[in-house]
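Descriptive analysis of the structure
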Amino acid sequence: MALEAKKSLIIRIYQILEDYSDSDHPLKQQDIIDILRRDYDIECERKAISRNISCLKEIGVDIENDGNGVYLATRRIEKSELRLLIDSALCSRYISSLHSKQLIEKLIKLGGRNFKNHVRHVHSVTDWGKTQNKDLFYNIETVDEAIEQGKKIEFDYIRMDIDGKTYNSGHHTGSPYHMLLHNQRYYLMLNDDKYGNICYDRLDKIKNMSILDEDALPLKENKGFEHGINYKNIATGLPYMFSDEQQLIRIKCDKSMVDELNDWFGGGFETQKTDDNHFIATVKASQRAMLYWTLQYNNKVEVLSPKSLRNDVINALKSTLALYENGSDAN
């Protein structure tokens, strides 16, 4: 065996076990010898295979022998974990179809060649409603670098017109603090210079981002963030990522709404039973966000307080009713 091949043999054997073996597909020594010859042009004897497998096991690689051959028993990422990651990439609307496909293909390779045969739905990635913005991963890297450097960023924010074409709705500069996934969307948390407060912008709607040579405003100088980011409050108190100050809101709910409240607010609410079919819930959340949330469940939820939110809901419902009463004939 050539010296170079001898040096790399243990790595090649590990790669073969990772690519070709699992509990359903154990490899005999002759299988490994054949793959070494075919894929890597390496010739070796059975005792070299046995010796190198023993070395791999000694350094902690979990290799099993079930009598029919050897296989890699534990992977860096298990198949169930890979499926979860693949499904997340597939259904994530903030990742373009092209990037979803590329990411899924990389994940599939981690599962080995036998795993690929069980992941057929990767080919349907273009059928999902996804963003057309291909800048997402560049945006993530740029934001991460800006946060590390403590610098401001600038970017254009893209919206869509009635014809389905995108347009630049405005140029923004600001101090980035964090990126978070919420409600199937990826958001950038920053202090926008234009508004002078914390805003949450969709990362998949940002283009032409760059880092400025200007120091970012420290997070603690933002009202409500003197002690850092409360991630639970962001997740439960801002269901639609509006940034107005959170306040206590009382709502009367149908009993079927308990699961929905848990899904949206993570148990961070108080309840008081009123009768067999209703209860009152108290949540701390953005009033603007709760207007939209309440309208979503308008036949099962009634806002009790604050009065300003109750009036907002009434006015929104009146406007909706007027559209149907005075609008065009559907026929």
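My aim in this report is to walk through the structure given alongside it, one point at a time. (Residues numbered from 1 in each chain as written. Predicted model: local features only at pLDDT ≥ 70, side-chain atom pairs only at ≥ 80, totals over all residues. Heavy atoms only, no water.)

1. Side note on helix H11 (residues 307-326)
Under the 1.5 Å per step criterion, the end-to-end length of H11 is 28 Å for 20 residues, consistent within 8% with the ideal 28 Å. Among the residues making up H11, those that are buried are Leu309, Val313 and Ala316. Burial along H11 is one-sided: seen end-on, the buried residues are contained in an arc of 65 degrees. More than 90 degrees from the buried face of H11, the exposed residues found are Lys307, Lys318, Glu325 and Asn326. (Helix = DSSP H or I, 4+ residues; strand = E, 2+ residues; numbered from the N terminus. Expected span 1.5 Å × (residues − 1). Buried < 20%, exposed > 50% of the residue type's maximum accessible area, 1.4 Å probe, protein only. Arc of directions from axis to C-beta.)

2. Some remarks on the side chain of serine 175
On the secondary structure map, serine 175 appears in strand S4 (residues 166-182). Within the local environment of serine 175, its side chain forms a polar contact with the backbone nitrogen of leucine 217, the two atoms lying 2.8 Å apart. (Polar contact = N/O pair within 3.5 Å; in protein donor to acceptor, adjacent residues only side chain to side chain.)

3. Focus on the pattern of salt bridges
Side chains that differ in sign of charge can pair as their charged atoms come close. One pass over the structure, following the stated rule, counts 12 salt bridges. The residue aspartate 34 makes a salt bridge to arginine 37 at a minimum N-O spacing of 3.3 Å. A residue pair is termed a helical-turn pair when its members lie 3 or 4 positions apart in one helix, as aspartate 34 and arginine 37 do in helix H2 (residues 29-40) at 3 residues. Salt-bridge contacts for lysine 273 lead to aspartate 276; the nearest nitrogen and oxygen are separated by 3.8 Å. Overall, the relative accessible area of 63% leaves lysine 273 in the exposed class. Classification of aspartate 276 by relative accessible area gives exposed; the value is 63%. (Salt bridge = Lys/Arg side-chain N within 4 Å of Asp/Glu carboxyl O.)

4. Side note on the sheet that holds strand S11 (residues 301-305)
Two orientations exist for strands paired in a sheet by backbone hydrogen bonds: parallel and antiparallel. Pairing is antiparallel in the open sheet, where 4 strands are placed in the order S9-S10-S8-S11. Two strands lie at the open edges of the sheet, namely strand S9 (269-273) and S11, each paired on one side alone. Taken pair by pair, the neighbouring strands of this sheet meet at an average axis angle of 30 degrees, ignoring direction. Bridging between strand S8 (residues 246-254) and S11 involves 4 bridges; their strand directions are antiparallel. Residue pairing for S11: arginine 250 is matched across the bridge by serine 305. Set on the sheet, H11 makes contact with S8 and S11; between it and S11 the angle comes to about 145 degrees. (Pairing = 2+ DSSP bridges. Axes fitted to C-alpha atoms, helices over the stretch in contact; angles between N-to-C directions. Contact = heavy atoms within 4.5 Å.)

5. Topic: the environment of isoleucine 104
Mapped onto the fold, isoleucine 104 is located in helix H5 (residues 97-110). A C-alpha to C-alpha distance of 8.2 Å links isoleucine 104 and leucine 85, two positions 19 residues apart in sequence.

6. Some remarks on the packing of aromatic side chains
Under the criterion given, the structure shown has 1 aromatic pair. An angle of 55 degrees between the planes, with centres 5.0 Å apart, marks the rings of tryptophan 293 and tyrosine 297 as tilted. Residue classification places tryptophan 293 among the buried positions, given a relative accessible area of 0%. (Phe/Tyr/Trp six-rings, centres within 6.5 Å; stacked < 30°, edge-to-face > 60°.)

7. Some thoughts on the pairing of strand S10 (residues 278-286)
Judged from the 9 bridges that link them, S8 and S10 form a sheet pairing that is antiparallel. By the bridge assignment, lysine 252 is partnered in S10 with isoleucine 280. Of the pairings in the sheet, the one linking S9 to S10 comprises 5 bridges and is antiparallel in character. Directly across from glutamate 270, in S10, lies its bridge partner threonine 282. As consecutive antiparallel partners, S9 and S10 are separated by 4 residues.

8. Concerning the packing of H2 against helix H3 (residues 46-58)
Two elements in contact, H2 and H3, have axes separated by 10 Å at closest approach and are oriented at 100 degrees. When the axes of H2 and H3 are compared, the pair comes out roughly perpendicular. Facing Gln29, Gln30, Ile32, Ile33 and Leu36 of H2, the residues of H3 in contact are Arg46, Ile49, Ser50 and Ile53. Broken down by class, the residue content of the contact of H2 with H3 amounts to 5 nonpolar, 3 polar and 1 charged. (Parallel < 35°, antiparallel > 145°, perpendicular 65-115°, else oblique. Nonpolar A, V, L, I, M, F, W, Y, C, P; charged D, E, K, R; others polar.)

9. Notes on the packing of helix H10 (residues 287-296) against H11
Contact geometry of H10 with H11 gives a least axis separation of 10 Å together with a crossing angle of 45 degrees. In this view, H10 runs oblique relative to H11, as classed from their interaxial angle. As H10 packs across H11, the resulting crossing turns out to be right-handed. Residue-level contacts link Gln287, Met290, Leu291, Thr294 and Leu295 of H10 to Ser308, Leu309, Asp312, Val313, Ala316 and Leu317 of H11. Residue classes in the contact of H10 with H11 are distributed as 7 nonpolar, 3 polar and 1 charged. (Left-handed = near helix turned anticlockwise from the far one by under 90°.)

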